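Examination of the molecular architecture
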Amino acid sequence: MACISFSSETGNNSGNQMRPHYKPNHIPDPNYVRILDTTLRDGEQSPGAAMTPHQKLNIARQLAKLGVDVIEAGFPCSSKDDFAAVKMIAQEVGSNVDDDGYVPVIAGVARCNEKDIEIVWEAVKGAKRPRISTFIATSEIHMKHKLKKTKEEVLDIACRMVMFARSLGCDDVQFVPEDAARSEKEFLYEILGEVIKAGATTIDIPDTVGIAMPWEFGKLIADIKTNTHGIENVVIVTHCHNDLGLAVANTIMGARAGARQLEVTMNGIGERAGNAALEEVVMALKCSGLDVFDGLYTTINTEHILNTSKMVEEYTNMHLQPHKALVGANAFIHESGIHQLGYRLKNNEVDTIFWKFKAVADKKKRVTDADLRELMSNELTQVESIWKLGDIQVTCGTLSLSTATIRLNNIVDGSTHVACSVGSGSIYSVFKAVNLIVKV
């Protein structure tokens, strides 16, 4: 499949499609899908996945090479290190505008309280395009048992905190109704409509506990579009968790239903079972966006997916299962014979190399590309033998010098040649003796 190639684009654009001009609450091209990467925030919330500020900065640099639209750089109020990391990313990665005008939005996450929001703004305001993302739970179970607040109280807090974020000078405010997938729909429509009036530019709809079915999540996005006052003035977002293994499917269904920002992580890492995987979502749109998704596209530079995946794997120490889609070790390896080799062989050479391949496969659990290249190299570089080893004798001891004596027989003319050489080690002394005879 041609669409699986990770090296078909140049720059930050996918094919010939250009990234639309960035406006917080509006995307000029209705087919364009923004990609928000939350590896550095939600991804780092995976148990054992903590990263240093320097590692986070390196990943942010790589995400910019990838061309993500938004980097959710962290939760600045959670620790001094996270604050420092977000601030560094905002000042460096978030200020580095390329020749095409691309620079990623740098977002920080805050709870719906003034202290959190002030800390986020202090961390991100050095970016060219800073964003505050603030959240509060809206499901009955969360409001009652976690927040211990009524619907009216939650609605009031949400509106006041969005207005507070805008009052700091931030013109890009994302509002997140936590546990939206389990929230009562009428209340969801109401609170979203009110925060839009308060100044929210992006509305993030999370399946916080990863419980939605794809058709349910798609319908949720469609219903929000139909029933929320002012929704045409903001960008709708998906944020899906993978507790039932449906995060990517739910994300894609959300895009089909009208979401135009998709929140993902590299390798799908994240708390519990993780998030929607960037590489899977992006490649699904790249392979099928034109036909299945009515022209939806991103401008992710897919040639950087594998390197970014490996960096995240190394820094988080969260190793990928071999069968992980697209970036796993087995993703492009076949067991049913040699599907691709990239060499031109004669019929007799194909038979010879195939049986050598089978012999290697019988001995090893997995035949790698390197094994195949070695087999091909040995087969294609075979030449007629000139010399045959007769005898060899090596003398070595506590001195760091070895003496080798060899006898080579010349197959062409039948002559015999003997040579002796001293070298630093037995192997080196043998090859020096060989060189004295063959002079190559």
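Throughout this description, residue numbers start from 1 for each chain and increase along the sequence as written. Predicted model: local features are reported for residues with pLDDT of at least 70 only, side-chain atom pairs are reported and counted for 80 or more only, and whole-chain, interface and lining totals are derived from all residues. Each side-chain value is worked out from all heavy atoms of the structure, with water and hydrogens disregarded.

As annotated in an unreviewed UniProt entry, the protein chain carries the name Pyruvate carboxyltransferase domain-containing protein and is attributed to Arachis hypogaea. UniProt positions are given in the numbering used here, feature names are shortened, and annotations may be inferred rather than shown by experiment. For the protein chain, the Sequence similarities (unreviewed entry) comment in UniProt is given as "Belongs to the alpha-IPM synthase/homocitrate synthase family."

Here the focus is the overall build of the protein chain. Elements are defined by DSSP. Helices are runs of H or I of four residues or more, strands are runs of E of two residues or more, and each kind is numbered from the N terminus. Check the secondary structure of the protein chain and you find 13 helices and 11 strands. In this description the radius of gyration comes from C-alpha coordinates, and the expected globular size is given by 2.2 Å times residues to the power 0.38. Relative to the 2.2 N^0.38 estimate, which gives 22 Å for 440 residues, the radius of gyration of the protein chain is 30 Å and therefore markedly larger than a compact globule would have. Dimensions along the principal axes, computed over C-alpha positions, put the protein chain at roughly 100 × 50 × 45 Å. Considering the protein chain as a whole, with its 440 residues, one finds that 50% of them fall into the buried category. Contacts spanning at least 24 positions in sequence make up 68% of the contacts within the protein chain whose residues lie at least 6 apart. Note on areas: these come from Shrake-Rupley sampling with a 1.4 Å probe, and a residue is covered only by the protein chains present in the view. When the accessible surface of the protein chain is summed, it comes to about 21,700 Å², and 53% of that surface belongs to carbon and sulfur atoms. Residues scored as charged are limited to Lys and Arg (positive) and Asp and Glu (negative), so that His and the chain ends carry no count. Here the site of a charge means NZ on Lys, CZ on Arg, CG on Asp, or CD on Glu. For the protein chain, the centre of its 46 positive side-chain charges and the centre of its 55 negative side-chain charges are spaced 4 Å apart. Think of it in three bands: with a 1.4 Å probe and only protein chains considered, a residue is buried below 20% of the maximum accessible area for its type, exposed above 50%, and partly exposed in between. Contact definition: two residues touch when any of their heavy atoms are within 4.5 Å.

Non-glycine residue D179 carries a positive phi angle of around 65°. Take D179: it is sitting in the loop between strand 5 (173-178) and helix 6 (185-198). Of note in this structure, L326 is not a glycine but carries a positive phi near 75°. Counting through the fold element by element, L326 comes out in the loop between helix 10 (305-316) and helix 11 (347-363).

Here we come to the sheet that holds strand 11 (residues 416-423). One bridge is not enough; two strands pair if DSSP finds at least two bridges between them. The three strands are arranged 9-10-11 in an open sheet whose pairing can be described as antiparallel. Every other strand in the sheet has two partners, leaving strand 9 (387-395) and strand 11 as the edge strands with one partner each. Geometrically, the sheet is characterised by an average inter-axis angle of 20° between neighbouring strands, direction not taken into account. Relative to strand 11, strand 10 (residues 402-410) is paired through eight bridges, and the arrangement is antiparallel. Looking at strand 11, one finds that S402 is bridged to G423. To get an axis, fit a line to the C-alpha atoms, keeping to the stretch in contact for a helix; angles then go from 0 to 180 degrees between the N-to-C directions.

With that settled, the discussion passes to the side chain of T299. Tracing the backbone through its elements, the reader meets T299 in the loop between helix 9 (278-288) and helix 10. Among the polar contacts made by the side chain of T299, one reaches the side chain of Y32 at a distance of 2.8 Å. In protein, a polar contact requires one atom able to donate a hydrogen and another able to accept it; more generally it is a pair of N or O atoms within 3.5 Å, and residues adjacent in sequence count only if both atoms are side-chain atoms.

Glancing now at the domain arrangement of the protein chain. Domain limits in this description derive from either an automatic procedure or a database domain assignment. Assigned domains of the protein chain: these are domain 1 (34-316), domain 2 (336-383) and domain 3 (387-438). The distance between the C-alpha centroids of domain 1 and domain 3 comes to 68 Å.

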